[in-house]
Every structure is written in structure tokens, then in C-alpha cells.
Amino acid sequence: MSTERRTASTSLPSENRSRPVPALLYRRRSSDNIDNLATVSSSLLPAFGTIVDDANSLHLRKYIIAPYDRRYRWWQTFLVVLVVYSAWSSPFELAFKKVATGSLLPVDLAVDAFFAIDIVLTFFVAYLDKSTYLLVDNHEKIAMRYVTNLWFPMDVVSTLPFHAIYLLFTGKMHKGEAFGFLNLLRLWRLRRVSELFTRLEKDTRFSYFWTRYCKLICVTLFAVHSAGCFYYWMAIHHKTSDDTWIGAQVHDFEHENIWMGYTYSMYWSIVTLTTVGYGDLHAENTGEKVFNIFYMLFNIGLTAYLIGNMTNLVVHSAVRTFAMRDAINEILRYASKNRLPDGLKEQMLAHMQLKFKTAELQQEEVLEDLPKAIRSSIAQHLFHETVETTYLFKGVSDDLITQLVSEMKAEFFPPKVDIILQNEIPTDFYVLVSGAVDVLIYKNGTEQYLKGLKKEMLEEIPFVTELIDDFNTENIAPIEGAEYHEAPNNSGEENIEGTSPTSAPSSDILPVRVIIHGHRPDDKTNDGGKMGKLIHLPDSVEDLLSLAEKKFGKRGCTILVADGSQVEELRALREKDHLFIF
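J.: Mind laying out the overall build of the protein, listing which residues take part and the relevant values?
T.: Summing up its helical and strand segments, the protein has 20 helices and 10 strands in all. Residue burial in the protein is summarised as follows: out of 582 residues, 33% are buried. Taking as baseline every contact in the protein between residues at least 6 positions apart, the subset at least 24 positions apart corresponds to 63%. A total accessible area of about 37,600 Å² is found for the protein, and carbon and sulfur atoms account for 58% of it.

Structure representation (C-alpha cells):
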């Protein structure tokens, strides 16, 4: 079935080309579709009734950038790297202000320049209208939306180089603490990192486990770094340096190497975060004790957040194994409580193990969420060729096969498991794709291959003939060697008697056995309705009447079954049917 899609285009005057353009494109190549879907980070779907453009590129206004343009995405990723530097340098420059006006100043100016360029670019990036789900490429609307949003002033203040501006106007470097706290405004840029991780978690090209794991590590490192820097800043600004957590260990620490102080700060922060608390670095004054209280309270929440997320990630990877072990334990308890036979218990365990092993092949929960048309296409791809080559469906129309295949599903069975039981109401139809099945019956408490199939049935099921040949080699000879054989019936209902060699099978197929009576079905006086003679069914009705005359001493001309129906053809009879000959 093919579907034709038509796209109508209308030429518009240049002054009327300000309409929003559709948010999504239909790619011509399937690989492009996959790449596009793999990187979707937000809902860019058009509203119902929206005309979706069928072009290869968006018809945006001049100097307008699509928000999901590949080059713009790379630019955003590059800025994330600079955000990582800003997240490290802002607390570090607050604690060690000498580097803020020294070695790190040129780097800060370069980073601020890149974010200033990004502010300018934002005025040229189209945005998605949440009411119509269309991209807006109007310059005035883009600028108004950005300027009136909180993001614009925060982007500006987090980008301004306050040290450089003060140096430019005064000619000297400011050494106060105000600029240190102003530099903390750069932490506003961390929202870009959060957006990046959100996009990566939805990107199927990246492992969700490792993306989430890296995010947790980054959160932990930033918390440790920020707490250590602020704790060192408190020690620097305390009126008595020896009455501080680091001054008690290192005298005159203000004049020591910067990296020595940073190492002490990180050591204290990590020890406190992990609740080890060796006691070598501890609070010495009231301010430090208050800070420790809040830091440890924060650590309780952070630790719970980390442990909870890591537990979910680890458990999610092993949840299928846990479910399988629980299911097996439930089966063992059920079999033990109800005293099931060992063979039946083994079948239950084998089926459960195979179910979990093949779960990734079946993926029923995935298929249930798909539309019917997609599920039908999958079934056609998987089963159509198999059904088409099956002997039962040879010559059947392709339309019928297509309808049958749409309703099919794959099932796996372990060895030595019952699939269909005799006299069971059929609810499923099975097509054997790989492996083999045995047709078995129980005789005298033992399993045997089924031998009583008619010739027509054997032609329909070719593989059964081989099984019957094996059985006849072992079991037919004793039957042919005896003229009469009498055996008691365990239920006491029948007097079982064999036939002469004339009724022995003439082919390699074991004949049908029937029970004959010498009276009418409704006459119970002769044998009480419980006695009869078990014979091998001869080849013709005349032979059957002759055999009955020999057994009962009188000639009959009518053959009825138990329900009163008259027998006209012997091939209509089945194993152990009751025949009344009179």
C-alpha cells in the first residue's frame, strides 16, 4: 500500500514572508531521520492541522539561525566547556583573590568575550512559539522576547569583566572583596550544563547510564570545590588567623603557596562530605562551626541524592535478573507446596528460564506501544516468508497469508515441554519454524509415539512417518506372532480379545483397535454393557461381519456405534470405538 503526499506552495510577496515556518522537516533519507530523532532535546512537534514543510532546509529569514542547526549546537557545546572553567574559577578566585588579578585575568577576559558573542548571537536565533509550535524568525519578536526575559540581564551581568572595567576607568586594580562576589554571578552559566545533560540523556547515541553517572560526578565535584573554597575564604578573613581551621595546622598560611591552601581546602571538604571526619582539620571559631553545620546538612541531602541515583542505575541494569530469580523461587515454592512431580517442575523451570532468555527477542512491551500498522509491518518482515513456505498454506492467496501473519507472534519452548494436550480445546495454531516436536500418547503409563494416524494425516504431517517406522520395528512383531491374546482390563469393563493373523497389519502402520459387541446398543442383558471383544479392525465390512460371527456364533448384518449411528465406511472409525453387530 502506498501513500501519496502532495505539497502545495504559494508565492508570497516579500513583505508577507514573515510568517513562522514549520518546526520539523520530513527528511528524504532514512539516515537523516534517525540522526534527527536521536538528537531531539525538546518537543519540536507541530500542532494538529499545521502544514509540515517537505523541503530539505528551513526557509528562514536572512541572518536567522535555527535553534537545532548543527553548527549552532556545536557552538553551544563549546560554551559548555567554558562554563566548566567558570564553575571552577569563580569560587577559586573568591578564595584566592591574587589569581583573579594575576594569572587568570587574561583567561577570564577571553572566556567573557566568547559569552558576549553568544549574547549577540541570541538576537538572531529563532525560537519556538509554545502556542503554535512554529519557529518564529521575526527579528523584532526575537529581540523583544530575549530582552524582556530574565535571561538577558543575567547573561549581561555574568559576562561583564568587572576587574577590567575598574582598571580601565581608575587605572589601578581593585583589591576589595566586592569583585570576588560579583564573579560568582558567572555561576549563572551552569544552566547550560544542565541543558546539555538533559539533551544527552535523551540522545539514543549515548549511554544513559554513563551520562547520568558523569552528571552525578560533576555535581559532587562542584559541591566539594565550592565548599572548600568558601571555607578557605572564611579563614582568610578571620581576625585571628591562628584561630581558624587551617591556621591551627599551618601558621601564617596566608603567605604560603596558593596550591597548598587549595589542597588543604579540598582535603577538608572531601573528608567532611564522606562523613569520615579524621579530626585533624576542624572548626575553631563560631563562624566555621555554623558553616560546618549547614555544610553537613547539605551533605546529607547530597549523599541521599547520589546513593538513590546510583542505586537506581545499578538496579535497573540487573532488574531482569532479579525478576528471573524471584520467578524461579516462586515456582520452586509452588511445586514444593503442591507436591508436583519432578518432571512437571522441570518443565516449569525450563519454560521460565527460556522466557527471560528470549525476552530481548520478543520485546512484547515495546511492540504493545507501537501503532497497529507498524506492528503488522514487523510481523510481515519476520513471519511472512516462513508461513508462505509452510506446506499447509501452499497455494493460498497472499492476502490471506498477510492477514494471518498480522496476528502472529513468536513463542519459544524448551525441550521436553508439553505444547498441546489431547482432547484440549484448541486456542492457538502453531507453525514450527525451527527445532522439532514429538507426537506422544500414554499407553499403560508409558509414553509412546502416536501410531494410529490415518494415511491422509500422515501425508499432511510427513515427519510422523519416520517416527512410526521406528515404533513398528520394535512393537509389531509380538502382535503378529499370536493367534489369540486375552488380557484382563484394569477397570473391569471389557473382555479384551485379539484377532487372528488375518487381521494383522498388512503395512507398516499399526491398525486401529475396536471393541465389538454381539447385540444392539440398547440391549444390556447379554453382557451387562461391560463385556466386549477387542480386535484389530479388518480391511472391509465383510471381513468384520465374518470375524464377529466367529466370535459370537451368529451372523450379523448391521453395524452401529454407541450413539446408534450406522457404520458405512471402516476408515471413519477411531481407536477403541465400540461397535454393535447384530
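J.: Describe the environment of Gly261, with residues and values.
T.: Within the fold, Gly261 resides in helix H11 (residues 258–273). The buried category is assigned to Gly261, whose relative accessible area is 0%. Gly261 sits 32 residues away from Cys229 along the chain, and the two C-alpha atoms are 9.2 Å apart. Excluding anything up to four places from it in sequence, Gly261 contacts Phe96, Tyr232 and Ile246.

J.: Tell me about the nonpolar core, and please be specific about residues and values.
T.: Among the nonpolar cores identified, the biggest contains 45 residues, and Phe92, Phe96, Tyr231, Tyr232, Trp245 and Trp268 are the most heavily contacted of them. Among the secondary structure elements, those contributing two or more residues to this core are helix H2 (70–95), helix H4 (105–122), helix H9 (190–202), helix H10 (208–236), H11 and helix H12 (286–337). When sequence neighbours within four positions are dropped, the list of residues in contact with Trp268 reads Ala227, Tyr231, Trp245, Leu281, Phe291, Asn292 and Tyr295. Judged by nonpolar contacts, the second largest core, of 16 residues, contains Val512, Leu545, Ala548 and Val561.

J.: Any chance you could break down the pairing of strand E8 (residues 533–536) for me, citing the residues and the numbers?
T.: Where burial is concerned, the two faces of E8 agree: the one with Lys533 and Ile535 and the one with Leu534 and His536 are both buried. Pairing of strand E7 (residues 513–517) with E8 involves four bridges; the strand directions are antiparallel. Looking across to E8, one finds that Arg513 is bridged to His536.

J.: Could you give me a rundown of unusual backbone geometry, with the residues and numbers involved?
T.: Although it is not a glycine, Asp252 adopts a positive phi angle of roughly 55°. Take Asp252: it is sitting in the loop between H10 and H11. Residue Lys576 is not a glycine yet carries a positive backbone phi of 65°. Within the secondary structure, Lys576 sits in the loop between strand E9 (559–561) and strand E10 (578–581). Judged by its relative accessible area of 46%, Lys576 is partly exposed.

What counts as what
- Residues take numbers from 1 onward in each chain, read along the sequence in its written order.
- At least 70 in pLDDT is required for a residue's local features to be given in this predicted model, at least 80 for side-chain atom pairs to be given and counted, and no such filter applies to totals for whole chains, interfaces and linings, which use all residues.
- Heavy atoms throughout the structure, all of them, feed into the side-chain values; hydrogens and water do not.
- Runs of E in the DSSP output that reach at least two residues are strands. Runs of H or I that reach at least four are helices, and both are numbered from the N terminus.
- Per-residue accessibility, obtained with a 1.4 Å probe over protein chains only, is compared with the maximum for each type, and a residue is labelled buried under 20%, exposed over 50%, and partly exposed between these values.
- Whether two residues are in contact is decided by their heavy atoms: any pair within 4.5 Å suffices.
- Only the protein chains shown count as cover for residues, with accessible areas throughout obtained via the Shrake-Rupley method and a probe of 1.4 Å.
- Here, the term nonpolar core denotes a set of buried Ala, Val, Leu, Ile, Met, Phe, Trp, Tyr and Cys residues that are joined through side-chain atoms within 4.5 Å.
- The pairing criterion is simple: DSSP has to find at least two bridges between the two strands.

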